[in-house]
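Chain by chain, the residues run as shown.
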Amino acid sequence: GNSVTQMEGPVTLSEEAFLTINCTYTATGYPSLFWYVQYPGEGLQLLLKATKADDKGSNKGFEATYRKETTSFHLEKGSVQVSDSAVYFCALSDVPGAGSYQLTFGKGTKLSVIP
Amino acid sequence: EAGVAQSPRYKIIEKRQSVAFWCNPISGHATLYWYQQILGQGPKLLIQFQNNGVVDDSQLPKDRFSAERLKGVDSTLKIQPAKLEDSAVYLCASSPGKETQYFGPGTRLLVL
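The text that follows walks through the structure, step by step, so that each part is easy to find. (Residues numbered from 1 in each chain as written. Chains lettered and ligands numbered in written order. Predicted model: local features only at pLDDT ≥ 70, side-chain atom pairs only at ≥ 80, totals over all residues. Heavy atoms only, no water.)

1. So, the interface of chain B and chain A
And step 1. Each side of the interface is counted separately: chain B has 22 residues, and chain A has 21 residues.
And step 2. Connecting chain B to chain A are 0 salt bridges.
And step 3. Contributing elements (two or more residues each) for the side of chain B that touches chain A: β4 (31-37), β5 (44-50) and β6 (53-56) of chain B.
And step 4. Take the side of chain B that touches chain A: its biggest share by element is 3 residues, from β4 of chain B.
And step 5. For the side of chain B that touches chain A, the class distribution of residues is 8 nonpolar, 9 polar and 5 charged. (Contact = heavy atoms within 4.5 Å. Salt bridge = Lys/Arg side-chain N within 4 Å of Asp/Glu carboxyl O. Helix = DSSP H or I, 4+ residues; strand = E, 2+ residues; numbered from the N terminus. Nonpolar A, V, L, I, M, F, W, Y, C, P; charged D, E, K, R; others polar.)

Shown next, in the form of structure tokens:
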């Protein structure tokens, strides 16, 4: 079955540091890949996505490239801010035989950015 | 455009009691999902609706959980009777039918 593995957290960085959160996946077929962010006390918000190999998703300074050869979708940001403190989830969406889209999530990585 | 609405936001009950959660998806979204998110884990799909029909409920503990989506719009998720391990955040998401899902703020359930 499908699975997503994220780097363990928590991750603590100083403001303006470079961020990488690793994500690898196992899937049959050709999944779409996502990063969702969850701020304290809130639901998940879509951060970025990529739907095919070599696509780069980007939003709010974050970016991730769909690497089919390494089955990875690592999240990066060049300079983090305190406001980026949140839990980040990597996910994949595949189309099972029923013809519907379902998300499989990683366990999440908590990021704390200190001034 | 209004987002996915959920209520209540918080609920505390004792084990063996029953509880219900409500979700109103984004207008026009045919697909609705309920997820369970246990502390420290990623969301796990419980049930998926397409309009008012069930697409997948294979991970729904049907001995105690039930869900419905009347008229293909709002949905309710019920737990009866609740167990301690049901303490979690219950997330509702909707989709226009493609891979991107839009999530509500969730209902945080604590079972004592």
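2. Let's talk about the sheet that holds strand β3 (residues 19-21) of chain A
All names here are of chain A.
And step 1. The 4 strands are arranged β3-β9-β8-β7 in an open sheet whose pairing can be described as antiparallel. With one partner strand each, in any of the chains shown, β3 and β7 (56-59) form the two edges of the open sheet. For this sheet, the mean inter-axis angle between neighbouring strands, taken without regard to orientation, is 15°.
And step 2. Taken together, the 3 bridges between strand β8 (residues 62-65) and strand β9 (residues 75-77) define a ladder with antiparallel strand orientation. In the sheet register, E63 faces β9, and the bridge partner there is E76. (Pairing = 2+ DSSP bridges. Axes fitted to C-alpha atoms, helices over the stretch in contact; angles between N-to-C directions.)

3. Digging into the environment of N22 of chain A
All names here are of chain A.
And step 1. Its place among the elements puts N22 in the loop between β3 and β4 (23-26).
And step 2. What N22 contacts, discounting residues up to four positions off in sequence, is T5, Q6, M7 and H74.
And step 3. Of note is the side chain of N22, whose polar atom sits 3.5 Å from the side chain of H74. (Polar contact = N/O pair within 3.5 Å; in protein donor to acceptor, adjacent residues only side chain to side chain.)

4. Here we look at the packing of aromatic side chains
And step 1. Summed over all chains, the structure comprises 12 aromatic pairs over all chains.
And step 2. Between F105 of chain A and F103 of chain B the ring centres are 6.1 Å apart and the planes differ by 75°, which places this aromatic pair in the edge-to-face class. With F105 of chain A in strand β11 (residues 102-105) and F103 of chain B in strand β10 (residues 102-103), this pair bridges two chains.
And step 3. What links up through ring pairs into an aromatic cluster is the set F34, Y36, F89 and F105 of chain A together with Y33, Y35 and F103 of chain B. (Phe/Tyr/Trp six-rings, centres within 6.5 Å; stacked < 30°, edge-to-face > 60°.)

5. Re the sheet that holds strand β8 (residues 75-79) of chain B
Residues and elements named next belong to chain B.
And step 1. What the 4 strands build is an open sheet, ordered β1-β3-β8-β7; its pairing is antiparallel. Each edge of the open sheet carries a strand with a single partner, namely β1 (5-7) and β7 (65-68). Strand-to-strand twist of the sheet, defined as the mean angle between neighbouring strand axes without regard to direction, takes the value 15°.

6. Focus on the state of the cysteines
All names here are of chain A.
And step 1. Under the definition given, this model contains 2 disulfides over all chains.
And step 2. Here C23 engages in a disulfide with C90; their sulfurs sit 1.9 Å apart. As the torsion about the S-S bond is roughly -70°, the C23-C90 disulfide counts as left-handed. In this pair, C23 is assigned in strand β4 and C90 in strand β10 (residues 86-94), connecting sequence segments 67 residues apart. Pair check on accessibility: C23 and C90 agree, each one buried. (Disulfide = S-S within 2.5 Å. Buried < 20%, exposed > 50% of the residue type's maximum accessible area, 1.4 Å probe, protein only.)

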